[in-house]
Amino acid sequence: MVALGKAPAAGSPEAGKRGRRIASVRPGQLQVVGDLDKAHVRRRIREELPAIKGCYERAIASRPELAGTVSTNFFVGPSGVVQDASANGVDPEVASCVADAVRAIEFPRPGGGGGAQVFYPFTFRY
């Protein structure tokens, strides 16, 4: 017999997760062209990951078979504002939502007074 610990109390949030699959999003290999610190980009993306995950969660409510990678490509301007963002993969609706979520993120200003091109994939699983 294998025990995994005490069962959660009936009606608790943890009990509600039992037997259900949970959506997850995992950022992939980040690439930056320009003078923008990767650690800052990762931190800001991690802070906004709930919005990115929400794009996927809304889609799987009606299409639970969706899974895969959305590749994002965005340009951070000299002021740290995302000036252009695009994404593709998994589903056009999910990709568009992820691009919108990334577009709303403000990053630190790139060094040298210029901008930075960022490539960042996200893998979605359910």
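Cut-off values and rules
Residues numbered from 1 in each chain as written. Predicted model: local features only at pLDDT ≥ 70, side-chain atom pairs only at ≥ 80, totals over all residues. Heavy atoms only, no water. Helix = DSSP H or I, 4+ residues; strand = E, 2+ residues; numbered from the N terminus. Buried < 20%, exposed > 50% of the residue type's maximum accessible area, 1.4 Å probe, protein only. Contact = heavy atoms within 4.5 Å. Areas by Shrake-Rupley, 256 points an atom, 1.4 Å probe, with all protein chains shown as cover. Expected span 1.5 Å × (residues − 1). Core = buried A, V, L, I, M, F, W, Y, C linked by side-chain atoms within 4.5 Å. Phe/Tyr/Trp six-rings, centres within 6.5 Å; stacked < 30°, edge-to-face > 60°.

(A) Highlighting the overall build of the protein chain. Looking only at helices and strands, the protein chain has four helices and five strands in total. Taken across its 126 residues, the protein chain has 33% of its residues classed as buried. Expressed as a percentage of contacts within the protein chain between residues at least 6 apart in sequence, the contacts between residues at least 24 apart total 74%. Of the accessible surface of the protein chain, which amounts to about 7600 Å², a share of 51% is contributed by carbon and sulfur atoms.

(B) Expanded view of helix α3 (residues 49–60). Compared with an ideal rise of 1.5 Å per residue, which puts 12 residues at 16 Å, α3 spans 17 Å between its outermost C-alpha atoms and is within 8% of the ideal. Turning to α3, its buried residues are Leu 49, Ile 52, Gly 54, Cys 55, Tyr 56, Ala 59 and Ile 60. Those residues of α3 that are buried are in contact with β1 (24–27), α2 (38–47), α4 (92–103) and β5 (116–125).

(C) Structural detail: the nonpolar core. Core analysis: the biggest nonpolar cluster contains 31 residues, and Ile 45, Ile 52, Phe 74, Val 98, Phe 122 and Phe 124 have the highest contact counts within it. For this core, the element with the most residues is α3, which contributes six residues. In this view, Phe 124 contacts Ser 24, Val 25, Ile 52, Tyr 56, Ala 67, Gly 68, Val 70, Val 90, Val 94 and Val 98; residues no more than four positions away in its chain are not counted.

(D) Quick look at the packing of aromatic side chains. Overall, the coordinates contain three aromatic pairs when judged by the stated rule. Seen from their ring centres, Tyr 56 and Phe 124 are 4.9 Å apart, and the 35 degrees between their planes marks the pair as tilted. With a gap of 68 residues between them, Tyr 56 in helix α3 and Phe 124 in strand β5 connect regions that are remote in the sequence. Both rings, one in Phe 74 and one in Phe 107, keep their centres 5.6 Å apart while their planes meet at 20 degrees; by these two values the pair is stacked. With a gap of 33 residues between them, Phe 74 in strand β3 (residues 68–76) and Phe 107 in the loop between α4 and β5 connect regions that are remote in the sequence. Across the pair, Phe 107 and Phe 74 agree in class, each one buried.

Purely geometric stuff here, so don't read any function into it on its own.
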